[in-house]
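# What the coordinates show
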Amino acid sequence: MHTSTKYFEKALAIAANGAWFVFKRVNNVWPNQSFTPTWSDRPLLKSWEKTKPPLGWPRQTDSLCPVCVREAREEILGGKKDLSVLLNDRVGEIKATILERDGKILMVKDCPTHGHFEDVMSIDPEFFRHLEEVFPGRDIRAHRDEALHNHGNSSIQYGRGAVLTIDLTNRCNMMCDPCFMDANQIGFVHELNWEEIKQLLDNAISIRPRRQLSVQFSGGEPTLSPHFLDAVRYARKVGYEVVQVATNGIEFAKRPEFARSAAEAGLRYAYLQFDGVGNGPNSHRGVGNLFDVKLQAIENLFNAGVSIVPVITIVNGVNNEQVGRVIRFALDNPKKIVFLSFQPVSFTGRDEEISDERRQAQRYTLSHLAHDVKRQTGLGEPVRDWFPISFMSTFSDWGDLVRGPESQWGQLACGCHPNCGTGIALIIDKFTGEAAPMTAFLRAERFAKDLAHVNDAARGPMLSILGMTLALLRNYDPFMSPTHFRLIDLLRKFGKKFGVGARRTSLGKQRAETLAEAVRRRRTDRWNFLFIAGMWFQDLFNYDFRRTEMCIIPYATQEGEISFCAYNTGVGWRQIVEKMHMTATLMKWHEEHGRHEIFAGGKSVPLPPIQHSLVLDPDAIATPAQMDLDSASIPRTAREEKFFAASRDRELKRQAVTLSTIEDETYHLEMARLYRQHVLGEKPTIQIQPLRRTTKAER
């Protein structure tokens, strides 16, 4: 039986549904022109002005030959070709077709030199179709960016981005697979100095539409950079409201005071490498106590006031059975885990030359993720509850409209290609543990369409807020929401997300929350909005230039801002930029700075006695490493694959030598026989078999 509050909210939703049609009709009369905000040189887009890349299937797109690209990159690195070929020529480009076959969506392509390639993009065509159908369109074209977005066909062309990424160093204190940058395996160090860091941060906010709010410091392991804390502090100083770090957590686990210093400098989120629950599922990283490191890092960061986002690289057959356990870990610890980022493996870095057998066995897509969440947790229906990350851009447009033309920064607008990322939003009661997908009680598709009507009319803040409220109410079903969830909780969540109702100064301008205010708000809020995201970065086998040009996670480098996928995969901008701007050879660096400690080969990180207040599932902790690939005799990592290949080559050589020896001996015996017969005139020897009486049984 529902409470009286639920019935009141249902009546309110019905009333709002009737009021909406009146509002919509009036709102459509003489709509206003879009204004041009301070953070852009172009006006906000109406919904019908947004363009879309080719979607649906079968369709053709521009892709890359995995072999041609590697060969061209080696020629550039070796000085045989100039970097300008990447700006002026279509290096390694071939056409690809996206099609449906045998209940799967595939990318197939043919190189006239290196033959046929194909890979799986989805194991569920309906899921794939849903993500593309609800895509609202591309963001504003990038402008005033010629100096920073100049990378030939790999150039970013649309949007304001979501997270600016800066690699502070290519040094790392781990040496694991998979790895985007092949850390600790190349012969030089690429590490930004202080002036370069400031220049990259300053450059980013010169682009229009203005670089979006967030910056993430990455690596290698960014905490090894001597400038890490200063970089966090400077990013906050120049206006980035959200500063993040992508980290393995070792330094934060070893030193609680380091976590406090990072929080005081302005660090808001720690994107923590997290492959599963327990040391078994993390064992493929080569650190003996890696899960203990994660637990202590989470505790230290939380105590310092930093929010933790576990980042799970999912490899089929290695840790795909950990999806449900990681989500359960987040549900059991709602005050400490605010976001989950699953990243289906991208075969790049050390894995770029992966064998077809291992690639097919380890390939994991966004559709795998949606179905694994349902299968392992019972949460969410893939087509009803999962949406492309770019679906939120309609709501970002509304936030831009309400904030008005004087706003210095645009809203977070994850306007990436619908094949890039997807997510499901859960509402969790921190007190009871009850969880439900938000789209189970909020008609997301209709809500977005309603809000697009509000945005297109471009009214002032008050009418836009009224329109959003009516649209929200009419699409809300209180009977499907969690037991203690109230409509006011939903309105507050929406308002905080888009800056409505933020504290204001006496001058009427919005004031950003202090760290203490943000921590207090997050910890006293009964409801945890847990977003489970899947972000699938490309590799050479599924590369699509229509995705690259819409990238929302650009890398800031000495050669401009480069799409995440073009930098880490694609034509290989990372290898080229780092080689061009290397700090020192590895030998020279070690002579001047010494060697930093690396945890690999089963070595454990020295930690004080583990002290944490996290809720853990004993069964999950005791789970050993997943052995699917071992039972199929498929290597788990690039190192294993190289080892197996070398062993196989040695065995083949041994067999070849043995066969060659036998053939040589046979040849020499035959030549000797012919010499004796034809040169020396010896008569052939006739072998006479001894006579033997047959037995009765033989007869």
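Nothing here was measured: the structure is a model prediction, and the numbers come from that model. (Residues numbered from 1 in each chain as written. Predicted model: local features only at pLDDT ≥ 70, side-chain atom pairs only at ≥ 80, totals over all residues. Heavy atoms only, no water.)

## Concerning the overall build of the chain
Along the backbone of the chain there are 25 helices and 18 strands. Looking at the chain as a whole, 56% of its 699 residues are labelled buried. The contacts in the chain between residues at least 6 apart in sequence include a share of 78% that link residues at least 24 apart. Split by element, the accessible area of the chain, about 31100 Å² in all, is 54% carbon and sulfur. (Helix = DSSP H or I, 4+ residues; strand = E, 2+ residues; numbered from the N terminus. Buried < 20%, exposed > 50% of the residue type's maximum accessible area, 1.4 Å probe, protein only. Contact = heavy atoms within 4.5 Å. Areas by Shrake-Rupley, 256 points an atom, 1.4 Å probe, with all protein chains shown as cover.)

## Re the nonpolar core
Ranked by internal contacts, the top residues of the largest apolar core, which has 81 residues, are Ile166, Phe217, Phe252, Leu340 and Phe342. Element by element, the count of residues in this core is highest for helix α9 (residues 290–304), at nine residues. Those residues in contact with Leu340 that lie beyond four places of it in its chain are Val309, Pro310, Ile312, Val326, Ile327, Ala330, Leu530, Phe531, Ile532 and Ala533. With 33 residues, the next largest nonpolar core counts Leu86, Ile156, Tyr543 and Val571 among its residues. (Core = buried A, V, L, I, M, F, W, Y, C linked by side-chain atoms within 4.5 Å.)

## Some remarks on the sheet that holds strand β4 (residues 115–122)
Across the sheet, four strands lie side by side as β1-β2-β3-β4; this open sheet has antiparallel pairing. At either margin of the open sheet sits one strand with a lone partner, and together these are β1 (59–64) and β4. Mean inter-strand twist for the sheet, computed between neighbouring axes without regard to direction, equals 30 degrees. Bridge count for strand β2 (residues 93–101) against strand β3 (residues 104–111) is six bridges, and the pairing is antiparallel. Bridge assignment links Glu100 to a residue of β3, and that residue is Ile105. (Pairing = 2+ DSSP bridges. Axes fitted to C-alpha atoms, helices over the stretch in contact; angles between N-to-C directions.)

## Brief notes about the pattern of salt bridges
According to the stated counting rule, one finds 39 salt bridges in the structure shown. Residues Arg171 and Glu191 are paired through a salt bridge, measuring 2.8 Å at the closest nitrogen-oxygen approach. Of the two residues, Arg171 is situated in the loop between β5 (163–167) and β6 (188–189) and Glu191 in the loop between β6 and α5 (194–204); the sequence distance between them amounts to 20 residues. Exposure class is identical for Arg171 and Glu191. Each is buried. For Lys254, the salt bridge goes to Glu251, with nearest N and O atoms at 3.6 Å. Here Glu251 and Lys254 lie together in helix α7 (residues 250–254), a separation of three residues that amounts to about one turn. A residue is classified by how much of its surface remains accessible, and Lys254, at 28% relative accessible area, is partly exposed. Assessed through its relative accessible area of 11%, Glu251 is described here as buried. (Salt bridge = Lys/Arg side-chain N within 4 Å of Asp/Glu carboxyl O.)

## Side note on unusual backbone geometry
Following Trp57, the chain continues to Pro58 via a peptide bond in cis, the omega torsion being 0 degrees. Each neighbour pair has its own omega, and for Arg208 with Pro209 the value is -5 degrees, a cis peptide bond. With respect to the helices and strands, Pro209 occurs in the loop between α5 and β7 (214–218). Residues other than glycine seldom take positive phi values, yet Asp102 does so here, at roughly 55 degrees.

## What about the pairing of β2?
The pairing of β1 with β2 spans six bridges and is antiparallel. Bridging from a neighbouring strand, Arg59 pairs with Ile98 of β2. Linking β2 to β3, which pair antiparallel, is a turn of two residues; within it Asp102 sits at a positive phi near 55 degrees.

## Focus on the packing of helix α2 (residues 66–77) against helix α21 (residues 573–580)
Contact geometry of α2 with α21 gives a least axis separation of 10 Å together with a crossing angle of 5 degrees. As summarised for this structure, α2 and α21 are arranged roughly parallel, according to the angle between their axes. On α21, the residues that touch Arg73, Ile76 and Leu77 of α2 are Gln575, Ile576 and Lys579. Classifying every residue of the contact of α2 with α21 gives three nonpolar, one polar and two charged. (Parallel < 35°, antiparallel > 145°, perpendicular 65-115°, else oblique. Nonpolar A, V, L, I, M, F, W, Y, C, P; charged D, E, K, R; others polar.)

## Here's the deal with helix α16 (residues 461–474)
Structurally, the α-helix is built with 3.6 residues per turn, so residues lying three or four positions apart point the same way. Along its 14 residues, α16 runs 20 Å from first to last C-alpha, staying within 8% of the 20 Å computed at 1.5 Å per residue. Of all the residues in α16, the buried ones are Ser464, Gly467, Met468, Leu470, Ala471, Leu472, Leu473 and Arg474. (Expected span 1.5 Å × (residues − 1).)

## Some thoughts on the environment of Asp351
Take Asp351: it is sitting in the loop between β11 (339–344) and α11 (356–362). Looking at Asp351, the relative accessible area reads 4%, which means it is buried. Separated by 288 residues in the primary sequence, Asp351 and Arg639 place their C-alpha atoms 9.1 Å from one another.

## What about the confidence of the model for the chain?
On average, residues of the chain score 88 in pLDDT, and 86% of them are at 70 or above. Segment residues 501–511: pLDDT under 50, and 12 contacts once partners within four positions in sequence are set aside and those in other chains are kept. Contacts for the low-pLDDT stretch residues 686–694, under 50 throughout, to residues beyond four places or in other chains number two contacts. (pLDDT = per-residue confidence, 0-100.)

## Notes on the pairing of strand β8 (residues 242–247)
Strand residues, when the strand is regular, have side chains that alternate between the two faces of the sheet. Of all six residues in β8, six are buried, a share of seventy percent or more. Where burial is concerned, the two faces of β8 agree: the one with Val242, Gln244 and Ala246 and the one with Val243, Val245 and Thr247 are both buried. Taken together, the four bridges between β7 and β8 define a ladder with parallel strand orientation. Each residue of the ladder has a partner; that of Phe217, found in β8, is Val245. In terms of handedness, the path from β7 via helix α6 (residues 228–237) over to β8 forms a crossover that is right-handed. In this sheet, strand β9 (residues 269–273) lies alongside β8 in parallel orientation, the contact comprising four bridges. Note on β9: the bridge partner recorded for Gln244 is Tyr269. (Right-handed = clockwise from strand over helix to strand, strands pointing away.)

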